[in-house]
Amino acid sequence: MNTWGDFENVQPIVAKMLENSIKKNRISHAYLFQGPKGTGKKESSFLLAKSFFCKYLEGFNPCNECRDCKRIESGNHPDVHPIQPDGQSIKKEQITHLQKEFTYTGMESNQKVYIIEHADTMTANAANQLLKFLEEPKRSTMAILLTENGQSILNTIRSRCQTMSFKALNTKQLESRLVASGISEPISKFSAALTNDFEEAERISQDDWFAKGRTIVIKLIQVLMEGNDEAFLFLHNDWLPHFKDKDQSQIGLDLLLIWYRDYVSYLIERKDTIIYIDEKEKFEKYTFSLSRDQATKALKKILEAKNKLKANVNPTLVMEELVLQIQR
Amino acid sequence: MKFNVQRNQLMESVQDVMKAISSKTAIPILSGMKIDVTEEGVKLTGSDSDISIESFVPAEEEGIVYVENIEPGSIVLQAKYFPEIVRKLPEQTVEIESDEQFNVTIRSGSAEFNLNGQDAQEYPQLPKLHTENSFELSVDLLKDLIRQTVFAVSTSETRPILTGVNMSIKDQKLQFVATDSHRLAGRSIPLEDSANKELFSNIVIPGKSLNELNKILDDTQEKIEISVTENQILFRTKHLNFLSRLLDGNYPETSRLIPEQSKTNVMIDSKELLHSIDRASLLAKESRNNVVKLTTKENTSIEISSNSPEVGKVFEEVTADTIEGEELKISFSAKYMMDALKAINSEKVNISFTGAMRPFIIKPAEHEDEILQLILPVRTY
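Within every chain, residues take consecutive numbers counted from 1 along the sequence as written. A letter from A marks each chain and a number from 1 marks each ligand, given out in the order of writing. This being a predicted model, a pLDDT of at least 70 is required before a residue's local features are given, and a value of 80 or more before pairs of side-chain atoms are given or counted; all residues contribute to the totals for chains, interfaces and linings. Just so you know, side-chain values use all the structure's heavy atoms and leave hydrogens and water out.

Student: In this structure, what is going on with the overall build of chain A? I would like to understand it.
Tutor: The helix count covers DSSP runs of H or I at least four residues long, the strand count covers runs of E at least two residues long, and both are numbered beginning at the N terminus. Looking only at helices and strands, chain A has 16 helices and 5 strands in total. With the C-alpha coordinates of chain A rotated into their principal frame, the extents come out at 70 × 45 × 30 Å. Under the scheme applied here, a residue whose accessible area is under 20% of the maximum for its type counts as buried, over 50% as exposed, and between as partly exposed, the area being computed with a 1.4 Å probe on protein chains only. Buried residues in chain A amount to 48% of all 328 residues. We call two residues contacting when some pair of their heavy atoms lies within 4.5 Å. Residue pairs in contact within chain A that sit at least 24 positions apart in sequence constitute 68% of those at least 6 positions apart. Working definition of accessibility: Shrake-Rupley area with a 1.4 Å probe, residue cover restricted to the visible protein chains. For chain A, the exposed area adds up to about 15,800 Å²; of that, 48% sits on carbon and sulfur atoms. We count Lys and Arg on the positive side and Asp and Glu on the negative side, and we leave His and both chain ends out. Positions of charges follow a simple convention, taking NZ of Lys, CZ of Arg, CG of Asp or CD of Glu. Here chain A carries 45 positive and 44 negative side-chain charges, and the mean point of each set is 6 Å from the other.

Structural data, given as structure tokens:
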């Protein structure tokens with residue numbers, strides 16, 4: 001995504017708003033980009049930074065060829081400060097460092113941009129520290145906060161930023177693009193459900209790990225439904241060796257979540273939204289043994305399990321508890 | 001890019017430049033060292049984004065050729081390996097060559113190194129030098145200016161602007177002021193050539209940068225050229241350019257803090273006072289504030305005392321040259337007082353008090369107007 005034109009194809013509304021503020025020279029001092037994964041938040045923040053710094057703007061498009069543009073692209077621009085979570089969260093020290101940086105004059109120009117990725121992972125201390133200089137913006141600095149979860153940003157921070165909501169890409173569109181590029185329909189649906197980004201979806205489609213993960217999820221459900229007390233055994237033999245760390249467990253739970261969601265969709269006759277389309281026979285088979293209430297309850301439990309993982313609960317324990325709760 | 005260079009000259013430059021390169025950098029390219037080759041010679045650049053150092057190896061100086069076979073160009077090399085390589089090369093001459101893919105070959109004698117370089121275009125651009133907007137000082141004078149003020153900068157980041165030294169030019173005087181809001185150190189010197197002194201009025205240089213500069217400069221009578229650009233200040237000696245970013249913001253007005261009248265004036269031998277305060281602070285250190293007490297006595301002597309109940313007491317009488325004005329009891333931080341006395345570096349000092357709760361000023365007995373140290377007293381009961 002190197003020009004506003006490209007960006008407009010993906011996020012028409014946000015692109016238009018940003019374009020207008022560049023055109024009228026009314027760039028805000030702080031932006032909050034919120035939207036699901038893969039909707040182009042980071043790319044657009046870089047694009048905005050380029051338009052901010054590039055000296056050879058074509059209209060409002062950066063040239064992508066000058067030193068400034070190139071260095072923003074490679075992360076070497078001295079006046080652009082990207083911040084990423086250090087481990088689980090953005091720590092106070094990182095913000096303090098940033099704050100120190102901002103008491104100095106610019107290295108090359110008088111403009112500075114800071115881009116905070118996953119801004120929702122800021123610790124409370126870090127967020128309050130940041131608030132201090134969001135409140136009193138120095139001349140020509142621009143903050144861009146990126147988050148997938150706009151609601152978990154402190155109110156006090158949110159109110160100081162101009163919020164840009166990135167719409168989730170149309171899953172159908174992504175799906176058909178994937179199918180067009182020669183990926184089978186069930187896998188396309190599945191990848192499109194997991195991410196919003198075409199390239200990542202393509203990668204998922206070709207990754208054996210995901211394909212195997214999908215099979216394991218289907219098997220786990222079978223074991224849970226047949227109900228012959230082998231769920232624990234299955235968990236330790238198949239599930240845990242495959243979904244090893246926390247991130248992988250999250251993906252595993254996502255897959256499980258999608259299955260139950262599909263089942264509910266099936267029961268309420270919204271069959272076009274079903275992602276496990278090759279599982280329709282099973283849904284049919286389970287209609288008598290798994291009620292809608294039970295399925296929704298299972299959905300709730302899975303979401304709870306996901307939260308626990310985020311709060312650093314041991315993945316094995318989380319999975320064991322979950323299996324006990326949704327076992328029939 | 002290609003050149004042959006004398007190893008010793010290159011090594012010297014590399015060592016200077018390495019002082020600016022830090023192992024943990026905000027942007028990846030700064031872990032490298034930039035080499036610029038022109039017909040005039042080789043320029044090395046290192047930076048940690050706060051300070052940048054450029055060092056120059058001239059192609060030829062006083063008839064001695066240092067750099068030969070020059071093909072101009074630029075490259076960025078990993079600073080982690082380059083200095084060690086240069087140091088351990090076998091021969092006196094070093095040949096360095098880079099190709100289009102940023103592969104660098106370093107040859108000396110029969111040893112050959114191939115290093116991966118980076119594009120010099122990625123390196124931050126340092127501001128262009130404005131030589132017409134500059135003034136000169138001798139190096140040892142600048143070092144004095146730094147030494148006498150920089151210790152007083154604030155170490156806490158709550159008011160970032162106070163972590164710097166305020167440099168201003170007013171009435172053909174160059175003034176350095178530093179304060180951490182408990183004490184203030186100031187030094188001013190007259191400027192000799194006063195033609196173009198409207199270059200800047202008031203800038204703040206980070207204390208850390210000045211400390212670094214002080215370390216790098218040798219005590220010499222040579223001239224150093226100082227110029228200020230929009231964002232940075234440049235200190236330039238013959239082969240070395242030292243750049244520092246400035247602190248952004250307005251420095252608080254300090255002239256109003258300095259009391260104009262005084263109620264008690266003490267003239268005293270600075271060494272004696274320093275030593276007696278040093279002794280008194282031995283016990284004072286135990287208690288938190290490091291506080292000592294000064295009391296004027298009759299027959300021109302003062303008493304320095306300190307009392308920390310859990311450790312003990314210390315008293316000492318020091319004879320002053322003259323004491324004028326009201327009697328006085330005042331408490332202050334021993335550390336601040338010692339710092340100030342050390343910075344003044346004069347045989348006799350004049351201390352002017354305006355009451356026990358008001359800041360007091362220490363000045364050398366000679367050249368009164370040049371150095372000024374101000375300390376706020378501590379309230380004790």
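Let us keep going from here.
Student: Even after reading the chapter, I still don't get the layout of surface pockets, so can you show me in this structure?
Tutor: If a probe as big as a water molecule is rolled over the atoms, it shows which places are left empty. Residue and element names in this part refer to chain A. Throughout, the protein atoms alone are placed on a 1 Å grid, and a set of points is a cavity if a 1.4 Å probe fits but cannot get out or a pocket if it is open with protein on both sides within 12 Å along at least five of seven lines; lining residues have an atom within 4 Å of a point. Grid points are joined across faces, edges and corners, and a volume is the space filled by probe spheres set on the points. Approximately 1,700 Å³ is the volume found for the largest pocket. Taken together, 43 residues make up the lining of the largest pocket; nearest its centre are Lys-37, Glu-148, Asp-254, Lys-306 and Lys-310. Within the residue set of the lining of the largest pocket, elements represented by two or more residues are α8 (171-180), α9 (185-194), α10 (198-206), α11 (208-226), α13 (246-267) and α15 (292-310). In the lining of the largest pocket, the residues fall into 15 nonpolar, 12 polar and 16 charged. Mapping the lining of the largest pocket onto the domain boundaries places at least three of its residues in each of domain 1 (4-168) and domain 2 (207-327). Note that Gly is not counted as nonpolar here; it falls among the polar residues with everything else outside the nonpolar set of Ala, Val, Leu, Ile, Met, Phe, Trp, Tyr, Cys and Pro and the charged set of Asp, Glu, Lys and Arg. Domains are outlined according to an automatic or database domain assignment.

Student: I tried to follow the UniProt feature "domain: DNA polymerase III beta sliding clamp N-terminal" (unreviewed entry) in chain B on my own but got confused; where do I start?
Tutor: According to UniProt, the "domain: DNA polymerase III beta sliding clamp N-terminal" (unreviewed entry) feature falls on residues 1-127 of chain B. In residues 1-127 of chain B, the share of helix is 15% and the share of strand is 47%. The end C-alpha atoms are 23 Å apart. UniProt positions are given in the numbering used here, feature names are shortened, and annotations may be inferred rather than shown by experiment.

Student: What's the story with the nonpolar core in this structure? I'm lost.
Tutor: Within soluble globular proteins, side chains that are nonpolar generally end up buried alongside one another. What is meant by a nonpolar core is a set of buried Ala, Val, Leu, Ile, Met, Phe, Trp, Tyr and Cys residues, joined one to another through side-chain atoms within 4.5 Å. Ranked by internal contacts, the top residues of the largest apolar core, which has 45 residues, are Trp-239, Leu-256, Trp-259, Tyr-260 and Tyr-276 of chain A. Within the residue set of this core, elements represented by two or more residues are α11, α12 (231-242), α13, α14 (280-286), α15 and α16 (315-326) of chain A. In terms of nonpolar packing, the next biggest core, distinct from the first, is built from 35 residues, Ala-152, Val-153, Leu-210 and Ile-233 of chain B among them.

Student: Just to check I follow, could you spell out the confidence of the model for chain B for this structure?
Tutor: Where the model shows low pLDDT, its predicted coordinates should not be examined in detail. The pLDDT value expresses, per residue, how confident the predictor is, ranging between 0 and 100. A residue-level look at chain B finds 95% of positions with pLDDT of 70 or above and a mean pLDDT of 87. Quick note on the complex model: pTM equals 0.77, ipTM equals 0.75.

Student: Looking at this model, I keep getting lost on the sheet that holds strand β18 (residues 232-236) of chain B. Mind explaining?
Tutor: Strand pairing in a sheet relies on backbone hydrogen bonds. The paired strands run either parallel or antiparallel. Residues and elements named next belong to chain B. If you walk across this open sheet you meet the 8 strands as β8-β2-β3-β4-β19-β18-β17-β12, and the pairing is antiparallel. Each end of this open sheet is capped by a strand with a single partner; those strands are β8 (73-78) and β12 (134-138). Between one strand axis and the next, the sheet turns by 20° as a mean value, whatever way the strands run. Two strands are counted as paired when DSSP detects at least two bridges linking them. In terms of strand pairing, strand β2 (residues 32-38) meets β8 through 6 bridges, oriented antiparallel. Axis lines are fitted through C-alpha atoms, for helices just across the contact stretch, and the angle between N-to-C directions can take any value from 0 to 180 degrees.

Student: How do you make sense of α12 of chain A when you look at a structure like this?
Tutor: For an α-helix, 3.6 residues make a turn, and residues three or four places apart therefore share a direction. Residues and elements named next belong to chain A. One less than the number of residues in a helix, times 1.5 Å, gives the span that helix is expected to have. End to end, α12 covers 15 Å across 12 residues, agreeing with the expected 16 Å (1.5 Å per residue, within 8%). Where α12 is concerned, the buried positions are Ala-231, Phe-234, Leu-235, Trp-239, Leu-240 and His-242. Along the axis of α12, the buried residues cluster in a sector spanning 145°; they form a single face. Exposed side chains of α12 directed beyond 90 degrees from the buried face belong to Leu-233 and Asn-237. Looking at the buried side of α12, the elements it contacts are α11, α13 and α16. Our arc is simply the arc of the directions from the helix axis toward the C-beta atoms.

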